[in-house]
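Working through the structure, step by step
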Amino acid sequence: MSRSSRKYQSRPFKKGDVVYNVGDVGDELYLIHSGNVSIISKNGLLLSVLGPGEIFGESAPVTNSSRSATVIADTNCIINIIDSEQVRQKIKESDPVIIAIIRSLSLRLKDTNILTEKYWNELNIYKSLE
């Protein structure tokens, strides 16, 4: 299969490698083939740990926004990177109701992450007063 006909590019990441940072352009999404990654908020809150078969980075391409979290490889990983062209094509081919659901869920996830971090920061302030 030629590179141009592949649906994704596989890329290895070593333990500790940054897959992407908060604020990076969000034009790809990622499917974990092997290994684990941590999703970290802009202020260092661990939002999630993901493993094989799980996808991340989907919100930014869907909402046309920058990355709202940093992703770091917890272990050596192989991650399939799906480019924005493929994402846009898949979305374009979808039923409008499915498109609306995906966009809505992506926006809600982003808002939930922001609120989680806000409450985590407030909790840390209260703990520091003890």
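Notes on the structure follow.

Procedures and definitions
- Residues numbered from 1 in each chain as written.
- Predicted model: local features only at pLDDT ≥ 70, side-chain atom pairs only at ≥ 80, totals over all residues.
- Heavy atoms only, no water.
- Helix = DSSP H or I, 4+ residues; strand = E, 2+ residues; numbered from the N terminus.
- Buried < 20%, exposed > 50% of the residue type's maximum accessible area, 1.4 Å probe, protein only.
- Contact = heavy atoms within 4.5 Å.
- Lys, Arg positive; Asp, Glu negative; His and termini not counted.
- Charge placed at Lys NZ, Arg CZ, Asp CG, Glu CD.
- 1 Å grid on protein atoms, 1.4 Å probe; cavity = no way out; pocket = protein on both sides within 12 Å on 5 of 7 lines; lining within 4 Å.
- Points joined across faces, edges and corners; volume = space filled by probe spheres on them.
- Core = buried A, V, L, I, M, F, W, Y, C linked by side-chain atoms within 4.5 Å.
- Phe/Tyr/Trp six-rings, centres within 6.5 Å; stacked < 30°, edge-to-face > 60°.
- Lys NZ or Arg CZ within 6 Å of the ring centre and 35° of its normal.
- Pairing = 2+ DSSP bridges.
- Axes fitted to C-alpha atoms, helices over the stretch in contact; angles between N-to-C directions.

A look at the overall build of the protein chain
In terms of regular secondary structure, the protein chain is built from three helices and eight strands. Listed by position from the N terminus, the elements making up the protein chain come as β-β-β-β-β-β-α-β-β-α-α. Considered along the principal axes of its C-alpha atoms, the protein chain spans approximately 60 × 35 × 20 Å. Taking all 130 residues of the protein chain together, 29% fall into the buried category. A separation of at least 24 residues holds for 76% of the contacts in the protein chain among residues at least 6 apart in sequence. Positive and negative charge centroids in the protein chain, built from 16 and 15 side chains respectively, lie 3 Å apart.

Focus: the layout of surface pockets
Reported here for the largest pocket is a volume of approximately 310 Å³. For the largest pocket, the lining is made up of 19 residues, of which I39, G57, E58, L109 and N113 are closest to its centre.

So, the nonpolar core
With 15 residues, the main nonpolar core has V19, Y30, V37, I39, F56, V71 and I79 as its most contacted residues. Of all elements in the fold, only β2 (18-20), β3 (28-34), β4 (37-40), β7 (70-73) and β8 (77-83) reach the threshold of two or more residues within this core. The element contributing the most residues to this core is β8, with three residues. Here Y30 is in contact with V19, Y20, E54, I55, F56, G57, R67, I79, N80 and I81, once residues within four sequence places are set aside.

Focus on the packing of aromatic side chains
On inspection of all chains with the given rule, the structure shows three aromatic pairs. Consider the rings of Y20 and Y30, whose centres lie 5.5 Å apart with planes at 40°: the pair is tilted. Here Y30 lies in strand β3 and Y20 lies in strand β2, a separation of 10 residues in the sequence. Take Y20 and Y30: they sit in the same class, and that class is buried. Each residue in the set Y20, Y30 and F56 is aromatic and connected to the rest through ring pairs, giving one cluster. Just above the ring of Y20 sits the side chain of R67; from NZ or CZ to the centre is 4.1 Å.

Some words on the sheet that holds β3
Taken in spatial order, the four strands of this open sheet run β1-β8-β3-β6, and their pairing is antiparallel. Edge positions in the open sheet fall to β1 (9-13) and β6 (55-56), since each of these has one partner strand only. Pairing of β1 with β8, which is carried by five bridges, proceeds in the antiparallel orientation. Across the sheet, residue P12 finds its bridge partner in β8, namely I78. Packed on one face of the sheet, helix α2 (residues 84-93) meets β3 and β8 and runs near 60° to β8.

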